[in-house]
Amino acid sequence: MPPCLRFFHFLLPLAVFLVLCLKRTAIAGDPYVFFDWTVSYISASPLGVKQKVIGINGQFPGPVLNVTTNWNVVVNVKNDLDEPLLLTWNGIQHRKNSWQDGVAGTNCPIPAGWNWTYQFQVKDQIGSFFYFPSLNFQRASGGYGGITINNRDVIPLPFPVPDGDITIFISDWYTKSHKELRKNVENGIPLGVPDGILINGEGPFRFDNALVSDGIPFHTINVEPGKTYRLRVHNIGISTSLNFRIQNHNLLLVETEGSYTVQQAYANMDIHVGQSYSFLVTMDQNASSDYYIVASSRFLNSSSLAGINGVAILHYSNSQGPASGPLPDPPNELDTFFSMNQARSIRWNVSAGAARPNPQGSFKYGQITVTDVYVILNRPAELINGKWRRTLNGLSYFAPSTPLKLAQQFRIPGVYKLDFPTRMMDRPPKLDTSLINGTFKGFMEIIFQNNDKFVQTYHLDGYAFFVVGMDFGVWTENSRGTYNKWDGVARCTTQVFPGAWTAVLVSLDNAGIWNLRSENLDSWYLGQELYVSVLNPEVDQSEIAMPDNTIYCGLLSSLQKDQSERFKFSGVASSADPFHSILALLFITLIATFIR
């Protein structure tokens, strides 16, 4: 046999081995998906009045990030607005990577005209979430979209695979721009009653000629008879609780914010600001006509208003005509008791697997010893140093020019203090940058006490917490006797009714600095937020290092270089394990040797 053929016989098995290695690592590695977004103003008329809204790649609402557990997500964001921008990923836990959280305490804003690339992994999560701009009241003008995290193939759904997956955004809406609204809020002018309710960025179907003007675009969802769809419904509004329902159809609740729930059928569901739910809806009607999809206001407490309705259309392919007749009845407008009892009925499915094969209920939160207790009380807006502010435990958060995470990284003294009070202090309200000093791997109990006249919702970045109790009145130590210590649902956003309290438990196993905020945008903007510092006292090799593309500001502005070259990415999924490149290079080298 010629020497070249003998070498070929030697090379072929090695080449096959390398190809198999490539294939194996491509299958085993966590894939990367890449997105290239431009955030800019676009024109729209969601309520029949032309206005500027914030779109992403010309879309309002923005695109849905559709990914799978453990995938790596890379989003290059170009800021084409006329003011700084950050996007935050509501409910994404960013395991040990608060650098990507997209709020003022962790990131310098992306200046107008610049781009910045987010890179994070949806580690050990499933479920329904959303993203939105976190600065300058911009969420009131849009810039939001959905996040869907699917199960890996090896983790079965706790229900039959739906025939379709539909994302629905419901929101209050104002025809004033976010700049006008934030100026009003700064001057103590309440947001007031919204101008309308949107469903997927569009106004109401003309269900009543006297209430709805002609020419308003409305949203239609097309379905096939007999099929079952998963509807992921997000209240992306800024201040209004909404009731969601579909004419003549039941809503089978199956998931909320990353946790599978005990499957229960509801005629309607109160969805508070910042909350997300998944329902299975079966198209089991006779389609004699289309059906109303309704999102109506709750608890507006306006004697001159029976409620505001957003109305979309559910259209069967064999529908025999347009929707007609009265809208399906909502709950009593001001009935907070109904809403609280409904919230209490939502339970964790402790037998379902989620991102891992072990059951959700294998984490027995009710048996863990609490290490820290915070009773956090909010109050209505009040004047502090001549400006309207809102407080938590008497402190209104003051955002320093240097993000907290950067100040921690560079050990800059005086930017913040780790002394947030565990209870309301007997002292005048004040501005402060005071953080909760969380115990790493501790177990924290937080009680939100709402002394305001409106429903508030609170959200914690970086975590899901267990909602273990809520009731009217003032929380006391005896209230723990009413806690649900077995199947309280784990989620990242919970409502607190006026004159009531809500208690949550959270396991502090995610190192970083994490935002705890009111999701009601006016309350958040005026200072109802704080941060929780969770610092691992040991060297944590798994915590993500500061990214190379960090933007510097505040006391670190001198470190900022010119805007680096903009990265361009394909919008398709790909694998990005560096081992692939090494193997490919070896293979090419061997082939080149043989040819020579």
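- Under an unreviewed UniProt entry, the protein chain has the name Monocopper oxidase-like protein SKU5 and belongs to Cucurbita maxima.
- Note on the protein chain: under the UniProt heading Cofactor (unreviewed entry), the record states "Cu cation".

**Looking at the state of the cysteines**
Link 1 in the chain: According to the stated counting rule, one finds 1 disulfide in the structure shown.
Link 2 in the chain: The side chain of Cys108 participates in a disulfide bridge whose partner is Cys553; the two sulfur atoms lie 2.1 Å from each other. Taking the sign of the S-S torsion, -85 degrees for the link of Cys108 and Cys553, the bridge is left-handed. Linking Cys108 in the loop between β5 (87–90) and β6 (115–121) with Cys553 in the loop between β33 (529–534) and β34 (573–574), this pair joins segments that are 445 residues apart in sequence.

**Description of empty space enclosed by the protein**
Link 1 in the chain: Counted under the stated rule, the structure contains 3 cavities of 30 Å³ or more.
Link 2 in the chain: For the largest cavity, the full set of lining residues is Leu86, Trp99, Thr106, Asn107, Cys108, Ile110, Trp116, Leu406, Pro547, Thr550 and Ile551.
Link 3 in the chain: Taken together, the residues that form the lining of the largest cavity break down as 8 nonpolar, 3 polar and no charged.
Link 4 in the chain: By volume, the second largest cavity amounts to about 50 Å³.
Link 5 in the chain: In this structure, the second largest cavity is lined by Arg139, Ala140, Tyr144, Ser171, Asp172, Trp173, Tyr174, Leu181, Ile236, Gly237 and Ile238.
Link 6 in the chain: The biggest single contributor to the lining of the second largest cavity is strand β9 (residues 164–173), with 3 residues.
Link 7 in the chain: Both domain 1 (26–150) and domain 2 (151–360) contribute no fewer than three residues apiece to the lining of the second largest cavity.

**Considerations on the sheet that holds strand β29 (residues 490–491)**
Link 1 in the chain: Ordered in space as β20-β26-β31-β28-β29, the 5 strands form an open sheet in which the pairing is mixed. This sheet does not close on itself; its edge strands, each paired only once, are β20 (372–378) and β29.
Link 2 in the chain: Pairing of β20 with strand β26 (residues 443–450), which is carried by 7 bridges, proceeds in the parallel orientation. Within β26, the residue paired with Asn378 across the bridge is Asn450.
Link 3 in the chain: Strands β28 (465–472) and β31 (500–507) of the sheet are contacted by helix α3 (residues 336–344), whose axis makes an angle of about 150 degrees with β28.

**A short note on the environment of Ile271**
Link 1 in the chain: If you trace the backbone, Ile271 turns up in strand β16 (residues 269–271).
Link 2 in the chain: A sequence separation of 72 residues divides Ile271 from Ala343, and the C-alpha atoms of the two residues are 9.5 Å apart.
Link 3 in the chain: With residues near it in sequence (within four places) discarded, Ile271 still touches Ile170, Val233, Asn235, Ser241, Leu242, Phe244, Tyr277 and Phe279.

**Examining the side chain of Thr240**
Link 1 in the chain: Its place among the elements puts Thr240 in the loop between β12 (228–235) and β13 (241–246).
Link 2 in the chain: Here Asp172 takes part through its side chain, which lies 2.8 Å from a polar atom of the side chain of Thr240.
Link 3 in the chain: The contacts of Thr240, once residues within four sequence positions are left out, are Asp172, Pro194, Asn235, Val273, Ser297, Arg298 and Leu300.

**So, the pattern of salt bridges**
Link 1 in the chain: Enumeration according to the criterion identifies 23 salt bridges in this entry.
Link 2 in the chain: Lys78 is paired through a salt bridge with Asp80; the nearest N and O atoms lie 3.3 Å apart.
Link 3 in the chain: A residue is classified by how much of its surface remains accessible, and Asp80, at 39% relative accessible area, is partly exposed.
Link 4 in the chain: Note that Arg480 and Glu445 form a salt bridge whose closest N and O atoms lie 2.9 Å from each other.

**Here we look at the side chain of Arg389**
Link 1 in the chain: Checked against the element boundaries, Arg389 lands in strand β22 (residues 387–389).
Link 2 in the chain: Buried within the structure, Arg389 lacks any salt-bridge partner; Glu529 is the closest side chain of opposite charge, at an N-O distance of 7.0 Å.
Link 3 in the chain: At a separation of 2.8 Å, a polar atom in the side chain of Arg389 contacts the side chain of Ser396.
Link 4 in the chain: Those residues in contact with Arg389 that sit more than four places away from it in its chain are Pro380, Ala381, Glu382, Ile384, Ser396, Tyr397, Leu431, Tyr525, Leu526 and Gly527.

**Some details on the pairing of β33**
Consecutive side chains along a regular strand alternate between the two faces of the sheet.
Link 1 in the chain: By the criterion of burial, β33 is predominantly enclosed, with 6 of the 6 residues buried.
Link 2 in the chain: The side-chain alternation of β33 yields two buried faces, one formed by Glu529, Tyr531 and Ser533 and the other by Leu530, Val532 and Val534.
Link 3 in the chain: In this structure, strand β25 (residues 436–438) lies alongside β33, joined through 3 bridges in parallel fashion. Paired with Asn437 across the strands is Ser533, a residue of β33.
Link 4 in the chain: Looking at chain direction, strand β32 (residues 512–518) and β33 are connected through 6 bridges and run antiparallel. By the bridge assignment, Trp514 is partnered in β33 with Val532.

Parameters and conventions
- Residues numbered from 1 in each chain as written.
- Predicted model: local features only at pLDDT ≥ 70, side-chain atom pairs only at ≥ 80, totals over all residues.
- Heavy atoms only, no water.
- UniProt positions renumbered as here; feature names shortened; annotations may be inferred.
- Disulfide = S-S within 2.5 Å.
- Helix = DSSP H or I, 4+ residues; strand = E, 2+ residues; numbered from the N terminus.
- 1 Å grid on protein atoms, 1.4 Å probe; cavity = no way out; pocket = protein on both sides within 12 Å on 5 of 7 lines; lining within 4 Å.
- Points joined across faces, edges and corners; volume = space filled by probe spheres on them.
- Nonpolar A, V, L, I, M, F, W, Y, C, P; charged D, E, K, R; others polar.
- Domains from an automatic or database assignment.
- Pairing = 2+ DSSP bridges.
- Contact = heavy atoms within 4.5 Å.
- Axes fitted to C-alpha atoms, helices over the stretch in contact; angles between N-to-C directions.
- Polar contact = N/O pair within 3.5 Å; in protein donor to acceptor, adjacent residues only side chain to side chain.
- Salt bridge = Lys/Arg side-chain N within 4 Å of Asp/Glu carboxyl O.
- Buried < 20%, exposed > 50% of the residue type's maximum accessible area, 1.4 Å probe, protein only.
- Lys, Arg positive; Asp, Glu negative; His and termini not counted.

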